[in-house]
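# Tertiary structure, described
In case you want the letters, here they are:
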Amino acid sequence: MVVKKSRYIGDDLFEEKVQYTNMYALQKGITSFKPTDRYEIKTLIALHIVIDSQNKFPKLRLYGDVTLGIGLFLENMSRHRYFQLRISLHLMDILRRPANNKDKFYKIRPLLDSVQKRCSQLELDENLCIHEQMIPLLATSISNNM
């Protein structure tokens, strides 16, 4: 799988994911965990996007099943490695949780901030289309009154 450079998530954030994922596996004592790299994390995220968009199977384990032969998974990552990375994936050090934290999304805040920053940098088109359902309408239909 060719993982292209993300327009919304910077390479520095992927490096942090690699660092904190490897750190988490060490902190939790996962002995069979092989340290990951940026390419493997990008592949993991790409596979998650494919799963979410296809939604073919009722169980996640079926995507990596050898008998079903889904090439995208078989060519890029073993099912065992996929679940190992999925469990260990972290965006921050779990031991450095802010003391008086009120943010429910503090664990994924770096990712949210990165995407929000990139979205604010995008140029808006001059010709915007607004769907009719986005505008609230308080009037009643004539056909309803007859």
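Here we summarise the structure given alongside this text.

Procedures and definitions
- Residues numbered from 1 in each chain as written.
- Predicted model: local features only at pLDDT ≥ 70, side-chain atom pairs only at ≥ 80, totals over all residues.
- Heavy atoms only, no water.
- Axes fitted to C-alpha atoms, helices over the stretch in contact; angles between N-to-C directions.
- Helix = DSSP H or I, 4+ residues; strand = E, 2+ residues; numbered from the N terminus.
- Parallel < 35°, antiparallel > 145°, perpendicular 65-115°, else oblique.
- Contact = heavy atoms within 4.5 Å.
- Nonpolar A, V, L, I, M, F, W, Y, C, P; charged D, E, K, R; others polar.
- 1 Å grid on protein atoms, 1.4 Å probe; cavity = no way out; pocket = protein on both sides within 12 Å on 5 of 7 lines; lining within 4 Å.
- Points joined across faces, edges and corners; volume = space filled by probe spheres on them.
- Expected span 1.5 Å × (residues − 1).
- Buried < 20%, exposed > 50% of the residue type's maximum accessible area, 1.4 Å probe, protein only.
- Polar contact = N/O pair within 3.5 Å; in protein donor to acceptor, adjacent residues only side chain to side chain.
- Salt bridge = Lys/Arg side-chain N within 4 Å of Asp/Glu carboxyl O.

Where helix H1 (residues 11–27) meets helix H4 (residues 79–88), the closest approach of the two axes is 9 Å, and the angle between their N-to-C directions is 95 degrees. As far as their axial angle goes, H4 and H1 are roughly perpendicular. Residue-level inspection shows Thr 21, Tyr 24 and Ala 25 of H1 in contact with H4, the latter providing Leu 85, Ile 87 and Ser 88. The residue inventory of the contact of H1 with H4, partitioned by class, reads four nonpolar, two polar and no charged.

Once rolled over the atoms, a probe with the size of a water molecule shows which space is left empty. All told, the structure shown has one cavity of 30 Å³ or more when counted by the stated rule. Its boundaries defined by the atoms lining it, the largest cavity holds a volume of some 40 Å³. If you go around the largest cavity, the residues you meet are His 90, Met 92, Asp 93, Ile 94, Arg 97, Tyr 106 and Lys 107. A per-class count over the lining of the largest cavity returns three nonpolar, one polar and three charged.

Since the α-helix advances by 3.6 residues per turn, residues separated by three or four positions end up pointing in the same direction. Its 17 residues give H1 an end-to-end C-alpha distance of 24 Å, which sits within 8% of 24 Å, the value for a rise of 1.5 Å per residue. Residues of H1 that are buried include every one of Leu 13, Phe 14, Lys 17, Val 18, Thr 21, Asn 22, Tyr 24 and Ala 25, and no others. Positive phi shows up at Gly 29, right after H1, with a value of about 70 degrees.

Structurally, Glu 40 can be placed in helix H2 (residues 38–54). Residue Glu 40 is classed as buried on the basis of its relative accessible area, which comes to 14%. Here the side chain of Glu 40 touches Thr 36 through a polar contact of 2.7 Å, side chain to side chain. For Glu 40, the side chain forms a polar contact with the side chain of Arg 81, separated by 2.8 Å.

This paragraph deals with the pattern of salt bridges. A complete count under the given rule lists five salt bridges for this structure. Across the pair Arg 38 and Glu 15 runs a salt bridge whose closest N-O atoms are separated by 3.2 Å. Placement of Arg 38 in helix H2 and of Glu 15 in helix H1 is noted, with a sequence separation of 23 residues between them. Given a relative accessible area of 33%, Arg 38 falls into the partly exposed group. Glu 15 gets classed as partly exposed once you look at its relative accessible area, which sits at 39%. With a closest N to O distance of 3.7 Å, Asp 93 and Arg 96 form a salt bridge. We classify Asp 93 as buried; its relative accessible area is 11%. A single salt-bridge network, built from bridges that share partners, covers Asp 103, Arg 109 and Asp 113.

Right, let's talk about the layout of surface pockets for a bit. In this model, the largest pocket occupies a volume close to 210 Å³. Lining the largest pocket, in full, are Lys 17, Ile 45, Leu 89, His 90, Leu 91, Met 92, Lys 107, Ile 108 and Leu 111. Residue composition of the lining of the largest pocket, grouped by class: six nonpolar, one polar and two charged.

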